[in-house]
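Okay, here's what each chain looks like letter by letter:
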Amino acid sequence: MKKTSLSILGATGSVGTSALNIVRDAPEDFEVYTLAAHSNVEKLAQAAIEVNARRAVIGDERLFDALKQALSGSNIEVAAGRRAVIESAAIPVDVVLSAVVGAAGLEPTLAAIEAGTKVALANKESLVCAGRLVNAAVKRNGTELLSVDSEHNAVFQVFEKENSRNVEKVIITASGGPFRTWTYEQMRDVTPEMALKHPNWSMGRRITINSATLMNKGFEVIEAFHLFPIEPHQLDVLVHPQSLVHGLVQYDDGSLLAHLSTPDMRTPIAHCLGYPKRRKVELERLDLGSIGALSFEKPDVKRFPMLGLAFEAMKHGDGAGAAVNAADEIAVGAFLDKTIGFLDMAVIVDNVLNTMLQRHGLKQPSSVEEVLEIDSLARRLAHEQVMTKAA
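Residue numbering note: each chain is counted from 1, following its sequence as written. Per-residue local features of the predicted model are confined to residues with pLDDT of at least 70, and side-chain atom pairs are confined, for both listing and counting, to 80 or more; whole-chain, interface and lining totals are unaffected and use all residues. For the side-chain quantities, the full set of heavy atoms in the structure was used; hydrogens and water were omitted.

## A word on the layout of surface pockets
Here is the rule we go by: Using protein atoms alone on a 1 Å grid, points that fit a 1.4 Å probe yet trap it form a cavity, whereas open point sets bounded by protein on both sides within 12 Å along at least five of seven lines form a pocket; residues with an atom within 4 Å of a point count as lining. Grid points are joined across faces, edges and corners, and a volume is the space filled by probe spheres set on the points.
In this structure, the second largest pocket occupies an estimated 460 Å³ of space. Lining the second largest pocket are 20 residues, and of these Leu145, Phe156, Lys161, Leu227 and Phe228 lie nearest its centre.

So this is what it looks like as structure tokens:
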């Protein structure tokens with residue numbers, strides 16, 4: 001049986017780590033070509049040696065010598081810098097797992113698509129900031145884009161493409177985060193330490209904070225719009241604290257199809273790596289009898305305005321998505337640094353989006369360069385907002 005050739009971008013993050021666990025459990029099924037990470041030299045080098053990767057790339061070019069030393073004597077090729085990550089993504093393999101954090105993942109994702117490689121996408125910012133460009137590249141190069149996000153992977157498994165005209169609604173679920181039952185006033189005193197304690201998932205710092213504000217769910221709504229043949233009004237969010245139902249599709253015959261699994265990223269990752277076949281994964285099976293009950297509720301956009309901002313950005317197109325993503329990244333960083341408060345994040349993102357819509361119009365970007373220009377301007381405006389809040 002032919003091995004699946006695989007490159008993992010963002011190999012030291014939570015998704016990359018889960019993917020590497022799958023590879024380690026089935027070394028006979030995978031041939032790892034490239035592992036890339038931003039700055040964690042030790043973890044990258046260790047993983048590259050363990051899975052016998054051909055190449056290891058560190059995004060921070062200042063760490064080239066450190067990575068080279070860590071892999072001395074291993075025969076693993078070493079490279080560093082943003083351009084090296086993009087070039088590695090363009091090397092033809094069966095699957096590129098794109099799990100780079102933030103807008104930095106856009107160029108490597110597009111490079112893999114332009115090479116005709118199937119992409120397992122865990123970098124939602126690629127679609128939030130440039131969904132139309134990404135989809136055009138997928139179509140032009142005749143390849144596949146599969147979402148690793150548990151919610152979109154769930155919807156994918158119950159979305160009947162041949163019956164897409166019969167779809168009334170696509171619903172993605174949200175745990176509600178650690179402050180699901182808190183009042184708006186109570187959230188004024190939230191600290192980074194409190195917000196980083198997600199009740200169900202183990203994720204990176206930014207996505208964990210975005211889960212607490214529901215911005216992550218907003219980004220997933222935009223992502224779903226680009227992944228499935230639906231209109232914005234067909235998208236909905238349900239808060240589901242147990243995080244066992246990940247996605248649902250409502251059809252016009254009254255059927256509501258749902259995908260359930262334990263909250264473990266290895267399930268959607270394995271599905272993407274093996275698609276169209278399924279891969280066996282050794283993890284805890286879902287036992288509904290022992291769980292007893294599942295609960296659902298509508299999200300409160302007054303207490304969690306980030307979700308509403310994402311829906312608003314979706315109406316204005318990819319330029320607005322790029323602006324919101326950039327502003328959110330700066331705001332989350334400032335909150336984690338304790339420069340601003342928890343509730344300030346939504347205010348900053350809202351101000352940046354409105355300012356850019358009024359001043360610049362945020363036309364649909366026609367190139368990666370235009371996306372990056374919007375990203376840069378939004379970051380600058382967000383920095384200014386942070387300084388004003390901190391003053």
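There's plenty left to go through after this.
## Observations regarding the sheet that holds strand E1 (residues 4–9)
Rules: A strand pair is defined by DSSP finding two or more bridges across the two strands. Note on conventions: DSSP H or I runs of at least 4 residues are helices, E runs of at least 2 residues are strands, and numbering of each starts at the N terminus. Every angle, taken between N-to-C directions, lies between 0 and 180 degrees, and every axis is a line fitted to C-alpha atoms, over only the stretch in contact when it is a helix.
One open sheet holds the 7 strands; their spatial order is E4-E3-E2-E1-E5-E6-E7, and the pairing between them is parallel. Two strands in the sheet have a free side with no partner beyond their single neighbour: strand E4 (77–80) and strand E7 (145–147). Neighbour-to-neighbour, the strand axes of the sheet open up by a mean angle of 20°, direction not taken into account. Sheet topology note: the E1/strand E5 (residues 95–98) ladder contains 4 bridges and is parallel. When the sheet's bridge partners are listed, Ser7 is paired in E5 with Val96.

## Re the packing of aromatic side chains
Inclusion rule: Any Phe, Tyr or Trp ring, taking Trp's six-membered ring, that has another such ring centre within 6.5 Å forms a pair; planes under 30 degrees apart are called stacked, those over 60 apart edge-to-face, and the others tilted. Each residue gets one of three labels from its accessible area relative to the maximum for its type: buried under 20%, exposed over 50%, partly exposed in between, using a 1.4 Å probe on protein chains only.
Inspection of the entire model under this criterion finds 5 aromatic pairs. Relative to Tyr275, the ring of Phe156 lies with its centre 5.3 Å away and its plane at 70°, an arrangement referred to as edge-to-face. Pair noted here: Phe156 is in helix H7 (residues 150–158) and Tyr275 is in the loop between helix H11 (266–274) and helix H12 (288–291), with a separation of 119 residues, a long-range link. Judged by relative accessible area, which is 21%, Phe156 ranks as partly exposed. Judged by centre distance (5.3 Å) and plane angle (25°), the ring pair of Phe159 and Phe228 falls under stacked. Of this pair, Phe159 sits in the loop between H7 and strand E8 (167–174) while Phe228 is found in the loop between helix H10 (215–227) and strand E9 (235–239), placing the two residues 69 residues apart along the sequence. Both residues of the pair, Phe159 and Phe228, belong to the buried class. Ring pairing ties together the aromatic residues Phe179, Trp182, Phe335 and Phe342, which thus form one cluster.

## What about the side chain of Asp60?
Rule in force here: The contact criterion used throughout is that any non-hydrogen atoms of two residues lie within 4.5 Å.
On the secondary structure map, Asp60 appears in the loop between strand E3 (55–58) and helix H3 (64–70). Non-local contacts of Asp60, meaning those with residues more than four positions away in its chain, are made with His38 and Ala80.

## Some thoughts on the pattern of salt bridges
We apply this condition: One speaks of a salt bridge when a side-chain nitrogen belonging to Lys or Arg is within 4 Å of a carboxyl oxygen belonging to Asp or Glu.
Taken as a whole and assessed by the stated rule, the structure comprises 27 salt bridges. Asp318 is the salt-bridge partner of Arg132, the closest N and O atoms lying 3.0 Å from each other. Taken together, the positions of Arg132 in helix H6 (residues 125–141) and Asp318 in helix H14 (residues 318–336) put the pair 186 residues apart, joining distant regions of the chain. Each of Glu125, Arg206, Asp328, Glu329, Asp375 and Arg379 takes part in salt bridges that share partners, so that together they form one network.

## So, the sheet that holds E9
Read from one edge of the open sheet, 4 strands run E9-E8-E10-E11, paired in mixed fashion. Among the strands making up the open sheet, the edge pair consists of E9 and strand E11 (256–260). Between one strand axis and the next, the sheet turns through 20° on average, direction left out of account. The pairing of strand E10 (residues 245–251) with E11 spans 5 bridges and is antiparallel. If you follow Val249 over to E11, its bridge partner there is Leu257.

## Some points on unusual backbone geometry
Phi is mostly negative for residues that are not glycine, and the peptide bonds are mostly trans. Cis peptide bonds are those with omega within 30 degrees of zero, and the linkage from Tyr275 to Pro276 qualifies with 10°. Within the secondary structure layout, Pro276 lies in the loop between H11 and H12. Of note in this structure, Asn75 is not a glycine but carries a positive phi near 70°. In the Ramachandran plot, Ser243 falls in the positive-phi region, its phi being about 55° despite a non-glycine side chain. By secondary structure assignment, the location of Ser243 is in the loop between E9 and E10.

## Points about the nonpolar core
The condition that has to hold: Among buried residues, the Ala, Val, Leu, Ile, Met, Phe, Trp, Tyr and Cys ones that are joined through side-chain atoms within 4.5 Å form a nonpolar core.
Core analysis: the biggest nonpolar cluster contains 90 residues, and Phe342, Met345 and Met356 have the highest contact counts within it. Sorting elements by how many residues they give to this core places H14 first, with 12 residues. When sequence neighbours within four positions are dropped, the list of residues in contact with Phe342 reads Phe179, Met187, Val190, Ala195, Ala212, Thr213 and Phe335. Core analysis: the second largest hydrophobic core is formed by 40 residues, Leu6, Ala48, Ala120 and Met265 among them.

All quantities given are derived from atomic positions and should not be read as evidence of function.
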